[in-house]
Every structure is written in structure tokens, then in C-alpha cells.
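# Observations on the three-dimensional arrangement
Residues per chain are reported as follows:
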Amino acid sequence: MEIALSRRCIAEFFGTFWLVFGGCGAAILACGFPAFGIGFVGVALAFGLTVLTMAYAIGHISGCHLNPAVTLGLVAGKRFPAKELLPYWISQVIGGIAAAGVLYVIASGKTDYAVGGFASNGYGPAMPGGFGSPGGYSLIACLVAEVVLTFFFLVVILGATDQRAAKGFAPLAIGLCLTLIHLIGIPVTNLSVNPARSTGPAIVAGGLALQQLWLFWVAPLVGAAIAGIFYNAVLAEHEVPPVTEEPVTYAASA
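Residues numbered from 1 in each chain as written. Predicted model: local features only at pLDDT ≥ 70, side-chain atom pairs only at ≥ 80, totals over all residues. Heavy atoms only, no water.

The name recorded for the protein in an unreviewed UniProt entry is Aquaporin Z, from Granulicella mallensis. Reading the Subcellular location (unreviewed entry) entry of the UniProt record for the protein gives the comment "Cell membrane". Per UniProt, the protein has the following entry under Sequence similarities (unreviewed entry): "Belongs to the MIP/aquaporin (TC 1.A.8) family." (UniProt positions renumbered as here; feature names shortened; annotations may be inferred.)

Structural data, given as C-alpha cells:
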């Protein structure tokens, strides 16, 4: 039975909310304790767990994209109708913004709280307050990292959800992949691979985070589109349609 687009968009809103709230919330709320903070590994796990849990919760409803780049990659890979791309994008971005707003309300309840970078993504020299690249990586380095990591994220998604793949294990593969690419990319850009994840925190942080937001739309979308085209052309199974047999007919003798 086909699920209405409106219901699927609602699922995407809440799923993306959970991804941003859980992943960025771990970075904002749980990393600032010198002796007990969760560090890069904890934040990477938090992002992976948000996708893992939501994949089981709403995967059967909306497909659990939670990410405009994932939706575009699935369109490019012939797995998702292009006409539904924009409604999914709107739902995902609004979910990310809502999550960032709720996180701000919680975080600002702390005495002497300063917004700072608010787990936003960035490139270039690391700036006071958490802006820019955490490791001071250049624009080109950050662009390449986001394109490559998004590419491999989509390849894993497309492969794990392929009809030939083992059933029921896709959420584990996708969640662990997101954890892995965060372990690689947090020092470079704070890791995005998801424009909706980047947009919410950038709006709250403002300033440099908002000025640099363009890269965290362009790079993930480019990486995802390349992955979708590549997987469909090279790795997907294209079954040869069965030969249609013409019925045997007998002509009457003249």
C-alpha cells in the first residue's frame, strides 16, 4: 500500500529533527567537559545512532533519507521519483532548523552561555568561538572531503538497500558508515554530508557559519549526484527483460 506523500514528509521532518538534535546536541551539550566529555568519537557515534534508530523507526514509511543529499542521490540512482525531491528537501530543512532552535533553548539555559559556532560546519582557519574548520583546513581540502565522503555514504546507502543485499541489515551499515565518515571528517569541516544538518546550526550561529553554508550544500549534493549516477551505471543490476514469445499461428492452406 502506497503511503501518502504528506505522511512521508512528516516522517522526514521528525527523522531529520532527531538527526540534528541527537548529533549536534551531543556536540553542543556533551563535549564541553574536560574529564568526561564524549569527544570526536562520541559525536560520531551520536550521528550514526540517530540514523540507525530512525531507519528502523521510519524507514518503512519515508525511506529515512533525513538528508537532501541522500534524496538527490536516490533520484540520480533511479531509486526515488524526482517530482518528490522538493517536498522531501523542505521537510528535511525545516526539521533541521527546528532541532537547532530547540537545542538553542536548552543550551542557552546554562549560565553565561555563548552561542559560538553551535556545531556549525566551516572551512579555513579555526576561529574563536568554534567557527571555520576545526583543524584549520583550506576551502579546497574541505570541498574535496565533503564531496568524497558524501559519495561513499551514498554508495553504502545504495548498496545496502539494493534488492540483492542482505535484508534487514541496511540500517546497521548506513549508521556505521555515518559514524565512520564523522570520525574522518569532524577535524576537517565538523562534517556535514547533509545540507539540512548544516543549515539549522548555521542559522542559529549566524555570521561566518551562515556565510560558509553554501559549501555544505554544494559539496554534499555534488558527491551524492555522482554516487547515484555511478551506482546506477556501474554497480546496479540491470536485468534483461524476458523475451516475449509470439504465439504460434498456422496459416490455412490456400
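Now, onward.
### Things to note about the overall build of the protein
The secondary structure content of the protein amounts to 9 helices and 0 strands. Starting at the N terminus and walking to the C terminus, you meet the elements of the protein as α-α-α-α-α-α-α-α-α. If you line up the protein on its principal axes, its C-alpha atoms span 100 × 35 × 30 Å. Restricting to contacts in the protein with at least 6 residues of sequence separation, those with at least 24 account for 72%. Only carbon and sulfur atoms are counted for the fraction: they give 71% of the accessible area of the protein, which is about 12700 Å². Here the protein contributes 9 positive and 10 negative side-chain charges, whose respective centroids are spaced 8 Å apart. (Helix = DSSP H or I, 4+ residues; strand = E, 2+ residues; numbered from the N terminus. Contact = heavy atoms within 4.5 Å. Areas by Shrake-Rupley, 256 points an atom, 1.4 Å probe, with all protein chains shown as cover. Lys, Arg positive; Asp, Glu negative; His and termini not counted. Charge placed at Lys NZ, Arg CZ, Asp CG, Glu CD.)

### A closer look at the nonpolar core
Within the largest apolar cluster, 54 residues are counted, with the highest numbers of intra-cluster contacts made by Leu66, Phe153, Ile174, Leu178, Ile181 and Val193. Mapped by element, the contributors of at least two residues to this core are α1 (5-29), α2 (39-62), α3 (68-76), α4 (85-107), α5 (139-160), α6 (170-189), α7 (195-205) and α9 (215-235). The element contributing the most residues to this core is α5, with 8 residues. In contact with Val193, other than residues within four places in its own chain, are Asn67, Ala69, Glu146, Leu149, Thr150, Phe153, Leu178, Ile181 and Pro220. The next biggest cluster of nonpolar side chains, apart from the first, holds 8 residues, and it includes Tyr123, Cys142, Val188 and Phe216. (Core = buried A, V, L, I, M, F, W, Y, C linked by side-chain atoms within 4.5 Å. Buried < 20%, exposed > 50% of the residue type's maximum accessible area, 1.4 Å probe, protein only.)

### Points about the packing of aromatic side chains
One pass over the full model with this rule turns up 8 aromatic pairs. Relative to Phe14, the ring of Phe13 has its centre 4.9 Å away and its plane inclined at 85°; by these criteria the two rings are edge-to-face. The interplanar angle of 45° and the centroid separation of 5.7 Å between the aromatic rings of Phe151 and Phe230 together place this pair among those described as tilted. One end of the pair, Phe151, is in helix α5; the other, Phe230, is in helix α9, and 79 residues separate them in sequence. With a relative accessible area of 18%, Phe151 lands in the buried category. For Phe230, a relative accessible area of 32% puts it in the partly exposed group. Through successive ring pairs, a cluster of aromatic residues spans Phe151, Phe152 and Phe230. (Phe/Tyr/Trp six-rings, centres within 6.5 Å; stacked < 30°, edge-to-face > 60°.)

### Some details on the packing of α7 against α9
Interaxial distance between α7 and α9 falls to 9 Å at its minimum, and their mutual angle equals 175°. Taken together, the axis directions place α7 and α9 in an arrangement best described as roughly antiparallel. Residues Pro195, Ser198 and Thr199 of α7 lie in contact with α9, whose contacting residues are Phe216, Trp217, Pro220 and Leu221. Of the residues that constitute the contact of α7 with α9, the class distribution is 5 nonpolar, 2 polar and no charged. (Axes fitted to C-alpha atoms, helices over the stretch in contact; angles between N-to-C directions. Parallel < 35°, antiparallel > 145°, perpendicular 65-115°, else oblique. Nonpolar A, V, L, I, M, F, W, Y, C, P; charged D, E, K, R; others polar.)

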